[in-house]
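Results of the structural survey
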Amino acid sequence: MAEVVIVGAGPAGIRAAGVIAAQGLRPILVDEGRQPGGQGYRRPSPGLSLDMDALMGTEAGKYKALHADFAALLPQIDYRSRTLIWGIEDRRLYCVRDGRQMTIAFDALVVATGAMDRIAPLPGWTLPGVFTLGGAQAVLKDQGCLVGRRVAFLGASPLLSLAALQYRKLGAEVVAVCDTSPFRDKIAALPQLAAVPRTLARGLAYLAALKRARVPLFDGVTPMAIEGEAGVTTLRFGDGQGRERRIACDAVALGYGLKPETQLAELAGARFAFDARFRLWLPVTDEDGRAGEGLYLAGDGAAIGGADAAEASGALAALAVLHDLGLRPVIDERPVLRRRLARLRRFQRGLARAFRWPVPALSRLPDEVAVCRCEHVTAGEIRRAMDEDLGPVDVNRVKAITRCGMGRCQGRVCGPALQEIAAAHAGLPVEAVGRLRGQAPVKPVPLGILEEEEA
Amino acid sequence: MAVGGDGASPAGGGRFVRAVPREAERVRFTIDGKAAEAQAGDSLLTAILVQRPVLRRHEFDGGERAGFCLMGACQDCWVWSETGERLRACTTPVAAGMAIVTAPPAERFAHG
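Notes on the structure follow.

**Here's the deal with the overall build of chain B**
- If you tally the helices and strands in chain B, you get two helices and eight strands.
- Across chain B, contacts joining residues at least 24 apart in sequence account for 45% of those joining residues at least 6 apart.

Right, dumping it as structure tokens:
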């Protein structure tokens, strides 16, 4: 029997596993997390009296359905939590669980690795108290903790207002929600956003609720600095009217939309193409998620689409697996899923227009600001290295010379900023400076598993 | 709504704030040799940041850090066991008897 392996137990991976299991196959579902759900549908750790219905709001039904379906599915699948995949070669996954190495062979691989926040550095962003926006939500759902008492939300994302509401509900003082994208971009994106009226309405409801609560909301802001000595004490920015503002806070949640976690897809052989709307390099797939022979991508790890799109694309990728294995799916709803997915992804393209990645600010990032927080490489060091190097401009060369992107996070955090800084300094379009290549191990593994580790 | 604190020295000494109670056993562990207490189910990051404003010292720039992505991607929350084992604080559950060190091993050797 063909071995179908699914990576990631978020909405995409769980729906994919359900379709495969419904066919009578027993898929292996590998996940780095301790509990299923991925990031967005993360479950509280044991013992927390967290009211997830209240926290998830309009999405509570989907959250509960996914977890209930997973519980029912569990006897039919081989679920391996807490398992980190660090390499892929010859149809074999190289994993670590509890410090021990193992391999998993596959005939078909569905990669549903999700996404993380896209980050634009600014002065002070490495201070204790600055966290990713997704991380601030993850800590709330998983640990029942707030990242601070007086929290500012900064970036360009509809999730800023959602997270701010969740924080307020659980007792934080939300001192400001600062969106760098101007209001006119949102108006311009309305036709695309209207593709999914329900989600558009939900976003507007969040904003209205924050306004009612008199939370200070700012549009079109220019971030200047996060300030403090031992930790964050002030967020300084220019408001939409060009006035400088200083807001006292002890935490800043930072996020400019999401970027897919594509390292494993890359190791498995996926090709990449530059997407001008998202300004990201995205893996190339067909409409059902095929990215190569025996390779399928689903969820936000394939293309940012949100949780509903993840569920649809997970099911779609699994149906593609079954077809390619020569099986006739019990229920084949591909046409419906394709239409739904196309609509949801069109909406995300609208969001990418409404909440823009701040390219001009990145190209002007002051020289002294650290771009790479792993290796502490500043914007100035990147620019100086480019001035001295006479070879072709390519982010992988810049990485080799400066070590920016070479640290333990493998460029997950600094990669998008590095591309913009390098492109602006070279006077080239961002797609001309290439993309940071991933390599095994995609995350650090315990000493002794790799002999050359940190040699 | 406000729960106090002024940033640099958050009230009670912790950076994270428990927003809801947890019904769980108490877990005793140590941070840099000092006795500490957490709740079963806490990540190491939570266990440390509810009582301290910073998590650790960075290996290269010497600056203080408190983690960043909080979901296992950025690797900026490494702490160490007394035997030098590296632990990613945001994804490692606290366990009874853990002896956590918040400065990188090389730095400890350098300072004797």
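**A word on the sheet that holds strand 2 (residues 28-30) of chain A**
All names here are of chain A.
- Spatial strand order, 3-2-1-7-22-21: six strands in an open sheet with mixed pairing. The open sheet has two edge strands with one neighbour each: strand 3 (78-80) and strand 21 (290-292). Adjacent strand axes in the sheet meet at a mean angle of 20°, parallel and antiparallel pairs treated alike.
- Two strands pair when backbone bridges link them, and strand 21 and strand 22 (residues 295-297) are joined in this way by two bridges, in the antiparallel orientation. By the bridge assignment for strand 22, Gly292 is matched with Leu295.
- Lying over the sheet, helix 1 (residues 11-22) contacts strand 1 (4-7), strand 2 and strand 7 (108-111), oriented at roughly 165° with respect to strand 1.

**With respect to helix 13 (residues 395-402) of chain A**
Residue and element names in this part refer to chain A.
- All of the buried residues along helix 13 are Val395, Val398, Lys399 and Thr402. What you see down the axis of helix 13 is that its buried residues fit within an arc of 100°, all on one side.
- After helix 13 finishes, the residue Arg403 shows a positive phi value of roughly 75°.

**Some thoughts on the interface of chain A and chain B**
- In this complex, chain A contributes 49 residues to the contact, which on the side of chain B involves 41 residues.
- When contributions to the side of chain A that touches chain B are tallied by element, the ones reaching two or more residues are strand 9 (130-132), helix 4 (133-143) and strand 10 (145-146) of chain A.
- The element best represented in the side of chain A that touches chain B is helix 4 of chain A, accounting for six residues.
- In the side of chain A that touches chain B, the residues fall into 21 nonpolar, 17 polar and 11 charged.

Reading guide: rules and limits
- Residues numbered from 1 in each chain as written.
- Chains lettered and ligands numbered in written order.
- Predicted model: local features only at pLDDT ≥ 70, side-chain atom pairs only at ≥ 80, totals over all residues.
- Helix = DSSP H or I, 4+ residues; strand = E, 2+ residues; numbered from the N terminus.
- Contact = placed C-beta atoms within 7 Å.
- Pairing = 2+ DSSP bridges.
- Axes fitted to C-alpha atoms, helices over the stretch in contact; angles between N-to-C directions.
- Buried ≥ 20, exposed ≤ 12 C-beta atoms within 10 Å, placed from the backbone.
- Arc of directions from axis to C-beta.
- Nonpolar A, V, L, I, M, F, W, Y, C, P; charged D, E, K, R; others polar.

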